[in-house]
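# What the coordinates show
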Amino acid sequence: MAMIRPFGRGAWWDCGLVLCLCTLFVSSGEGLPFKFASVYGDHMVLQQAPHRAVVWGQGDPGSNVTVRITPGDSEFKTVNSDAGLWNVTLDPMKAGGPYNITAIQHFKGVTPLEAIRKLFDVMFGDVWVCSGQSNMQFTVMMGFNSTEEILAANNYPNIRLFTAGLVGSDTPLSNLDRVEQPWSVASAASVGGGMWNYFSALCWFYGRDLYDTLQYPIGLVASSFEGTPIEYWSSPDVLKKCNVNDTLPKKDKPSTDHPKHIPIVSGDNQNSVLWNAMIHPILNMTIKGAIWYQGESNADHPDSYLCLFPAMIDSWRSSWYLGTGGQTDPTFPFGFMQISGNVPGSTNLGYPEIRWHQTADYGYVPNPKMEKVFMAVAMDLWRPDSPWLTVHPQDKQDMGTRLSLAARAVAYGDKNIKFQGPFPSSLELGSSTVVVLYGPEAGHIEVRSTGGFEVCCSSVKNTCDEATAAWVEAPMVHTIHPNATNSVTVSTDNCHKIVTAVRYAWRETPCGFKMCPVYGMGSMQVPLPAPPFIMYMRVPQG
């Protein structure tokens, strides 16, 4: 059977006005049962105003469809396309509910004269998509204090949860082939659905913290797949832009991820299989934004991440904008977790390079290449005693708190929120030291350990080329600079050449649990670790 592209791509008419009639022209199909798309269901959350939610489904080609919202008198009419797909764009709705949505398919000269489908207990609020690999799929049941956290979910009936099933496809799907968890009211049962099933711990704690602040309905759509690289989640256009080949690098040794580069469809080429099956089918649902936890499965080939990650974000944004007929923000907020640690003592540089490339080599977000993007640092949440392999930190609560704090600033525009850990603004080179000066947003920094810094020791000025330079440890000599509360001083005694750069936390596992060297204090008394950085010095020539 031929696969169908979502109707919103290249052929879209706005059906948001009452009694508006519209027809879509997409690829042919017939005999489809009348129903809502798989991503819709009782208890769901639809995106609130100022956006307009899109409701769609399938039915008999050419038949008339009426959609009604109660309570209220809103009514919307459309026609099933030749492919048997119908859609309406609702009027902007304020946060709240519950509402019922009724879709009626009208037949001409046929008994029965109509088919009726209903959605009950529908709320309007903000819809967030949560995607990535195993650290996003990692469930509440697997984390810290799981029993208490699962029971506490009963206190959040206005958070609603949906989990897409694990499936791939070598062609884009118009509808989710599998649903792991249909829309559910948050409760002990819906949050505590087992190991690797539902519900995503990071997604839950992120949404819960947002709800505690916003106090209106939050819809969380979990669509993640363990052991998958970013290439699986990227469209063919993104892969082409970044010159990515059809196959991923071969592994010289087993990975510690859970598992890694797992084959999802038959054949050697797995690229785009999750974009096709787990993202493409939900592009027609209006959303507020997305969060992401992925990168470990790219640590063995990190260079391409520099192009792929920003390009994937841009692609998701433009595709959701087109898929919803312009109702999803074309630059919707996108948040991510910088990847945590893994193997203690490892000198493998794939992890720090991924962390750096996750920020487009700026070290922080938002930045000029990644606007309306926010992140949280997780490298200090690694623990050696995780029962789920060291690559999977159990403390998803702190991750959710840090990420939701960043969302409040970037996605919701709260300019009073301090959400970033200390980031250096400049370096001052002395005779045997370097002073690392942090920006004013750091406030009074806290030093919890004295390692983590290195200097590039080079025989050539202004460069740090591996042929002429080496990185050496630069231990702290003043944890707090005497003339400032936002700086530290490190020794360059281990370098007997020219110091050309400083880097921080450039290890696979740079520190113990909540014991990285440098922290700042964020809003709500949340300690925020300084992110990794690399910064070059410009030594005058002469």
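Parameters at a glance
Residues numbered from 1 in each chain as written. Predicted model: local features only at pLDDT ≥ 70, side-chain atom pairs only at ≥ 80, totals over all residues. Heavy atoms only, no water. pLDDT = per-residue confidence, 0-100. Contact = heavy atoms within 4.5 Å. Salt bridge = Lys/Arg side-chain N within 4 Å of Asp/Glu carboxyl O. Buried < 20%, exposed > 50% of the residue type's maximum accessible area, 1.4 Å probe, protein only. Pairing = 2+ DSSP bridges. Helix = DSSP H or I, 4+ residues; strand = E, 2+ residues; numbered from the N terminus. Axes fitted to C-alpha atoms, helices over the stretch in contact; angles between N-to-C directions.

By the naming in an unreviewed UniProt entry, the protein chain goes by SIAE protein and is assigned to Branchiostoma lanceolatum.

Turning next to the confidence of the model for the protein chain. Mean pLDDT for the protein chain: 88, with 89% of residues reaching 70 or above. Note on residues 1-30: pLDDT under 50 across the span, and 90 contacts to partners over four residues away in sequence or across chains. Every residue in residues 250-258 scores below 50 in pLDDT, and together they form 21 contacts with partners more than four places removed in sequence or on other chains.

In this section: the pattern of salt bridges. In the structure shown here, the tally under the stated rule is 12 salt bridges. Taking the shortest distance from any N to any O, the salt bridge between D385 and R383 comes out at 3.1 Å. The exposure class of R383 is partly exposed, given its relative accessible area of 26%. Residues joined by salt bridges that share partners form a network here, namely D395, D398 and K514.

Right, let's talk about the sheet that holds strand β20 (residues 476-478) for a bit. Reading across from one edge, β15-β16-β21-β20 is the order of the four strands in this open sheet, with antiparallel pairing throughout. Of all strands in the sheet, those with a lone pairing partner are β15 (424-429) and β20, marking the two edges. Averaged over all pairs of adjacent strands, the angle between their axes in this sheet comes to 30°, without regard to strand direction. For strand β16 (residues 433-438) and strand β21 (residues 487-491), the ladder comprises five bridges, and the chain directions are antiparallel. Bridged to T433 within β21 is S491.

This part covers the sheet that holds strand β25 (residues 533-536). The antiparallel open sheet is built from four strands, whose spatial order is β19-β18-β22-β25. Every other strand in the sheet has two partners, leaving β19 (469-473) and β25 as the edge strands with one partner each. Going from strand to strand, the sheet's axes swing by 25° on average, the running direction of each strand aside. Pairing of strand β18 (residues 453-458) with β19, which is carried by five bridges, proceeds in the antiparallel orientation. Looking across to β19, one finds that S458 is bridged to A469.

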